[in-house]
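# Fold and geometry: a report
If you want the building blocks of each chain, they are given just below.
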Amino acid sequence: MLTEERKSLILNEVNENRSVTVQELKDKIGVSESTIRRDILSLSREGKLVKVFGGAVALEDRFTGSDQSVLEKEAVNKYEKLRIAEYSAALISSGDYIFIDSGTTTGQMIRYISERNAIYVTNGISHARELARKGFKVFLIGGELKENIEVVVGADAILHIQKYHFSKGFFGTNGVSVKLGLTTPDVREALIKRVAIENTQPGQRYILADHDKFGLTSAVTFSDFGGTVIITDKYPGDSYGNMTDIRVV
């Protein structure tokens, strides 16, 4: 096998799985470890991947700068999001004080929520409407209405959230990056997410992210991985698993 063909196979594996070990590449391609290590080093120097101990990880170079509409978001990975939403809803227990972030996947959670002995707080207008329709006790955060989606943001909303202490929180994200953490395009939404996460118990900060969110970076970081649990539909690789709790559903 030619060197360039080998390197192309390695790069495809890394980009598809976000991370790969030397042993995995050796078994798949059928060449020696020394050859694999040499190719990884070469690809790293070319700026096509990141060489790490025992393997390689994909570059964090995909950027998303705009926020999609609700309808556009709902159409992407619909069934994966439903699995994530159903699993997340089952984590709610009697007596919980819950924050539910705006977003399509968090919104899908509501159809699966059955716990009535809990209090729900949200900045999503459609979320609050659906929770109330189901007969749950819900508080809608007050503040500025974001123009393109039914989301409350702004200084008043931040002050409102700061008085709460949540036992569990469920958050959407536009990107999950090893280097930059959890990101979103809008600084107003980022500030809401940041304050709500800080006011949620560590280890109970659930990030709902389908597999396409990994390796994506948006304009504003709203949280690092501290105390978070990422619920997703496909394991993104050890480069993420070493930084936070990953649950695949």
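Residues numbered from 1 in each chain as written. Predicted model: local features only at pLDDT ≥ 70, side-chain atom pairs only at ≥ 80, totals over all residues. Heavy atoms only, no water.

Before going further, it helps to spend a moment on the sheet that holds strand 15 (residues 220-223). The strand order across the open sheet built from 3 strands is 11-12-15, with neighbouring strands paired in antiparallel fashion. Whereas interior strands pair on both sides, the edge strands pair on one side only; in this sheet they are strand 11 (175-177) and strand 15. Neighbour-to-neighbour, the strand axes of this sheet turn through a mean angle of 40°, independent of strand direction. Sheet analysis places strand 11 next to strand 12 (residues 181-184), joined by 3 bridges and oriented antiparallel. Of the residues in strand 12, the one forming a bridge with Ser-177 is Gly-181. (Pairing = 2+ DSSP bridges. Helix = DSSP H or I, 4+ residues; strand = E, 2+ residues; numbered from the N terminus. Axes fitted to C-alpha atoms, helices over the stretch in contact; angles between N-to-C directions.)

Evaluated as defined, the whole model comprises 16 salt bridges. Across the salt bridge formed by Asp-101 and Lys-193, the nearest N and O atoms sit 2.4 Å from each other. Highlighted residues: Asp-101 in the loop between strand 5 (97-100) and helix 6 (104-109) and Lys-193 in helix 9 (residues 187-198), separated in sequence by 92 residues. Note on Asp-101: relative accessible area 1%, which makes it buried. For Lys-193, a relative accessible area of 3% puts it in the buried group. In this structure, the salt-bridge partner of Arg-188 is Glu-144, at a minimum N-O distance of 3.0 Å. In this pair, Arg-188 is assigned in helix 9 and Glu-144 in strand 8 (residues 144-145), connecting sequence segments 44 residues apart. (Salt bridge = Lys/Arg side-chain N within 4 Å of Asp/Glu carboxyl O. Buried < 20%, exposed > 50% of the residue type's maximum accessible area, 1.4 Å probe, protein only.)

To describe a pair of aromatic rings, you give the distance between the ring centres and the angle between the ring planes. Under the defined criterion, the tally for this structure stands at 8 aromatic pairs. When the ring of Phe-170 is compared with that of Tyr-206, the centres are 5.2 Å apart and the planes differ by 15°; the resulting orientation is stacked. Taken together, the residues Phe-170 in strand 10 (residues 168-172) and Tyr-206 in strand 13 (residues 205-208) connect sequence positions 36 residues apart. Assessed through its relative accessible area of 0%, Phe-170 is described here as buried. Taking the centre distance of 5.1 Å and the plane angle of 80° together, the rings of Phe-214 and Tyr-240 count as edge-to-face. In this pair, Phe-214 sits in the loop between strand 13 and strand 14 (216-217) while Tyr-240 sits in helix 10 (residues 238-241), placing the two residues 26 residues apart along the sequence. The two residues Phe-214 and Tyr-240 agree in class, both being buried. Three or more aromatic residues joined by ring pairs form one cluster here, namely Tyr-97, Phe-99, Tyr-164, Phe-166 and Phe-171. (Phe/Tyr/Trp six-rings, centres within 6.5 Å; stacked < 30°, edge-to-face > 60°.)

On to the side chain of Thr-232. Considering the arrangement of structural elements, one finds Thr-232 in strand 16 (residues 228-232). Residue classification places Thr-232 among the buried residues on the basis of a relative accessible area of 0%. Discounting chain neighbours no more than four positions away, the residues touching Thr-232 are Ile-84, Ala-209, Asp-210, His-211, Phe-214, Ile-246, Arg-247, Val-248 and Val-249. (Contact = heavy atoms within 4.5 Å.)

Turning our attention to the packing of helix 2 (residues 22-29) against helix 3 (residues 33-45). At a minimum axis separation of 9 Å, helix 2 and helix 3 run at an interaxial angle of 115°. Judged by the inter-axis angle, helix 2 sits roughly perpendicular to helix 3. For the crossing formed where helix 2 meets helix 3, the hand is right-handed. Counted together, Val-22, Gln-23, Leu-25, Lys-26 and Ile-29 of helix 2 and Glu-33, Ile-36, Arg-37 and Ile-40 of helix 3 form the full contact between these two elements. When its residues are assigned to classes, the contact of helix 2 with helix 3 shows 5 nonpolar, 1 polar and 3 charged. (Parallel < 35°, antiparallel > 145°, perpendicular 65-115°, else oblique. Left-handed = near helix turned anticlockwise from the far one by under 90°. Nonpolar A, V, L, I, M, F, W, Y, C, P; charged D, E, K, R; others polar.)

On to the sheet that holds strand 10. Read from one edge of the open sheet, 7 strands run 7-6-5-10-13-16-17, paired in parallel fashion. Both outer strands of the open sheet, strand 7 (137-140) and strand 17 (245-248), are each paired with one neighbouring strand and no more. Adjacent strand axes in the sheet meet at a mean angle of 20°, parallel and antiparallel pairs treated alike. Summarising the sheet, strand 6 (residues 119-122) and strand 7 pair through 4 bridges and their orientation is parallel. Its bridge partner lying in strand 7, Thr-122 is registered against Leu-140.

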